[in-house]
Amino acid sequence: MTTTSSSASSAPRPVVGAAPKMPKVKYSSKVMAHINAFSIAFAIFLGLAAIFAAIAGFTKNAKMPWSFGVPFIGTFLGNNLYGGSALFVDAVFVLIFGVLSLMTLRKVTSIDDMKSAWRKIVVIFGVITAIFAVELVATAIYSLLGAGEKSGVAQGQLWLSSFLPIFILGLISAGVMYLAIQIANGKTQVLRAASYVAIAVAVIAFVLVLISTLVGFYSKKSYSNYYDDDYSSAVEELRDLFK
């Protein structure tokens, strides 16, 4: 007995002890309701914007290409984005929001928390819709001021690539606001349908953006081709100067 106890006491011990167990984090229904609301709203808004931007990307080599910019992403990341990568970043965010909208749907257990979260969405998208409305009116006035032939304003591109995208984004924003009003009034069946719409829009947007990106990379005249052509022409001009 003495020998057994002494050998047990002299057994080597690990230098680093066992890691403590991580505590289980319990999120309240209020937190889940807000994550769910913001995920659904922005998955639909940014997802539909990405879909239209991807469609516009297919017209890059057309006689009159359509330009459709995605909101917010370029504002936050600024000049750190190259070419059409803003659209791809937007699609990744949309996919994350879509997944979160489904993952958090069953975590919302309080209808009061649900209403509170979606009231915030109503306010946010009400402001966004108002901004788009002001931009729409300002763009129309600008176009009318530059209607003369000597103004140098390309009216076709102004209406196609400025007025029309703002109009579409304004409609999407207003649609999300209307959806938020319905859910804020306690219509839980609308919340369930909205979560499915969010993940569907997110998947479609990501697939379309992926295809549009690949087409842009490997088409005859991609963004990088234009950049390389400009660079080559600039080099040629410098050579001519020093001849």
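Residues numbered from 1 in each chain as written. Predicted model: local features only at pLDDT ≥ 70, side-chain atom pairs only at ≥ 80, totals over all residues. Heavy atoms only, no water.

Engineer: Sorry if this is basic, but what is going on with a nonpolar patch on the surface here?
Structural biologist: Taken together, the side chains of Ile55, Phe58, Val203, Val207, Ile211 and Val215 make up a nonpolar region of the molecular surface, amounting to roughly 460 Å² of accessible area. Considering every element that reaches the nonpolar patch, the biggest residue donor is helix 7 (residues 188–218), with four residues. Structurally, Ile55 can be placed in helix 2 (residues 29–57). (Patch = residues over 30% accessible without salt bridge, like charges linked within 9 Å, V, L, I, M, F, W, Y side chains within 5 Å. Areas by Shrake-Rupley, 256 points an atom, 1.4 Å probe, with all protein chains shown as cover. Salt bridge = Lys/Arg side-chain N within 4 Å of Asp/Glu carboxyl O. Helix = DSSP H or I, 4+ residues; strand = E, 2+ residues; numbered from the N terminus.)

Engineer: Hey, could you run me through the confidence of the model for the protein chain in this one?
Structural biologist: Caution applies to low-pLDDT regions: their predicted coordinates should not be interpreted in detail. Model confidence for the protein chain is summarised by a mean pLDDT of 79, while 70% of its residues fall at 70 or above. Contacts from residues 222–232, a stretch scored under 50 in pLDDT, to residues over four places away or in other chains number 13 contacts. (pLDDT = per-residue confidence, 0-100. Contact = heavy atoms within 4.5 Å.)

Engineer: In this structure, what is going on with the packing of helix 2 against helix 7? I would like to understand it.
Structural biologist: The relative placement of two packed helices comes down to the angle between their axes together with the axis-to-axis distance. In contact at an axis separation of 8 Å, helix 2 and helix 7 are set at 30° when each is read in the N-to-C sense. In the crossing of helix 2 with helix 7, the sense of the turn from one axis to the other is left-handed. Every residue of helix 7 that contacts helix 2 at Asn36, Ile40, Ala43, Ile44, Gly47, Leu48, Ala50, Ile51, Ala54 and Gly57 is listed here: Leu191, Ala194, Ser195, Val197, Ala198, Val201, Ile204, Ala205, Leu208, Val209 and Ser212. Partitioned by chemical class, the residues of the contact of helix 2 with helix 7 number 16 nonpolar, five polar and no charged. (Axes fitted to C-alpha atoms, helices over the stretch in contact; angles between N-to-C directions. Left-handed = near helix turned anticlockwise from the far one by under 90°. Nonpolar A, V, L, I, M, F, W, Y, C, P; charged D, E, K, R; others polar.)

Engineer: Just to check I follow, could you spell out the nonpolar core for this structure?
Structural biologist: A general tendency of soluble globular proteins is for nonpolar side chains to be buried together. Counting 48 residues, the largest nonpolar core has Phe45, Phe68, Trp118, Ile121 and Phe125 as the members making the most contacts within it. No other element matches the 15 residues that helix 2 contributes to this core. In contact with Phe125, other than residues within four places in its own chain, are Ala41, Phe42, Phe45, Ser173, Val176 and Met177. (Core = buried A, V, L, I, M, F, W, Y, C linked by side-chain atoms within 4.5 Å. Buried < 20%, exposed > 50% of the residue type's maximum accessible area, 1.4 Å probe, protein only.)

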